[in-house]
Amino acid sequence: MLIDKLLRRRRQRVQHFAEQGAQLQQTLQAQQWLLKQRVSAFIVSAPGLLLSFSVGCLFQLRHNNAVKTLHRVVGLRRLTKWFIL
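K.L.:
What's the story with the overall build of the chain in this structure? I'm lost.
P.N.:
Counting its secondary structure elements, the chain contains 3 helices and 0 strands. Ordering the α and β elements of the chain from the N terminus gives α-α-α. In summary, the chain has a C-alpha radius of gyration of 27 Å against a globular reference of 12 Å for 85 residues, an excess of more than 25%. C-alpha atoms of the chain, sized along the principal axes, occupy 80 × 40 × 25 Å. The burial tally for the chain puts 1% of its 85 residues in the buried class. Accessible surface, the chain: about 8,500 Å² in total, of which carbon and sulfur atoms supply 65%.

Next comes the structure, spelled out in structure tokens:
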């Protein structure tokens, strides 16, 4: 009798946690869908297109020697600022 009561309580707790997990999963899926909608709306907007175009141009220049040198100089300045402070 006592074991049955404990088992019943344990099953109820497991069922409760399963329901909570299902609700949390639904909430996460809804938030993910909303985020996808916002991202797709941003990408087709003017700032999104400008950002995408700019990143594409910079990505094509990643092997350019001038860009590599600039990256090294900026990185070196950051390191020296870090270690001097």
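K.L.:
Can you help me understand helix H2 (residues 46-60) in this one?
P.N.:
Side chains three or four residues apart in an α-helix point the same way, a direct result of the helix having 3.6 residues per turn. Over its 15 residues, H2 runs 21 Å from end to end, which matches the ideal 21 Å to within 8%, given 1.5 Å per residue. Across the 15 residues of H2, 1 count as buried, placing the element largely on the outside.

K.L.:
Looking at this model, I keep getting lost on a positive patch on the surface. Mind explaining?
P.N.:
Positive charge collects at one region of the surface, where Lys5, Arg8, Arg9 and Arg11 lie side by side. With respect to the secondary-structure elements, Arg11 resides in helix H1 (residues 2-43).

K.L.:
How should I be thinking about a nonpolar patch on the surface in this particular structure?
P.N.:
A cluster of nonpolar side chains, namely Leu35, Val39, Phe42, Ile43, Val44, Leu51 and Val55, defines an oily patch on the protein surface of about 660 Å² accessible area. Elements with a minimum of two residues in the nonpolar patch: H1 and H2. Sorting elements by how many residues they give to the nonpolar patch places H1 first, with 4 residues. In this structure, Val44 sits in the loop between H1 and H2.

K.L.:
Help me understand the confidence of the model for the chain, please; the structure alone is not making it clear to me.
P.N.:
Note that predicted coordinates carrying low pLDDT should not be read in detail. Of the residues in the chain, 91% reach a pLDDT of 70 or more, and the chain-wide mean stands at 88. The secondary structure element of the chain with the lowest average pLDDT is helix H3 (residues 65-84), at 75, and the one with the highest is H1, at 95.

K.L.:
Explain the environment of Leu34 to me, please; I cannot follow it from the model alone.
P.N.:
Topologically, Leu34 is positioned in helix H1. We classify Leu34 as partly exposed; its relative accessible area is 38%. Considered as a pair, Leu34 and Gly21 are 13 residues apart in the sequence and their alpha carbons are 20 Å apart.

Reading the values: the criteria
- Residues numbered from 1 in each chain as written.
- Predicted model: local features only at pLDDT ≥ 70, side-chain atom pairs only at ≥ 80, totals over all residues.
- Heavy atoms only, no water.
- Helix = DSSP H or I, 4+ residues; strand = E, 2+ residues; numbered from the N terminus.
- Rg over C-alpha atoms; globule rule 2.2 N^0.38 Å.
- Buried < 20%, exposed > 50% of the residue type's maximum accessible area, 1.4 Å probe, protein only.
- Areas by Shrake-Rupley, 256 points an atom, 1.4 Å probe, with all protein chains shown as cover.
- Expected span 1.5 Å × (residues − 1).
- Patch = residues over 30% accessible without salt bridge, like charges linked within 9 Å, V, L, I, M, F, W, Y side chains within 5 Å.
- Salt bridge = Lys/Arg side-chain N within 4 Å of Asp/Glu carboxyl O.
- Lys, Arg positive; Asp, Glu negative; His and termini not counted.
- Charge placed at Lys NZ, Arg CZ, Asp CG, Glu CD.
- pLDDT = per-residue confidence, 0-100.

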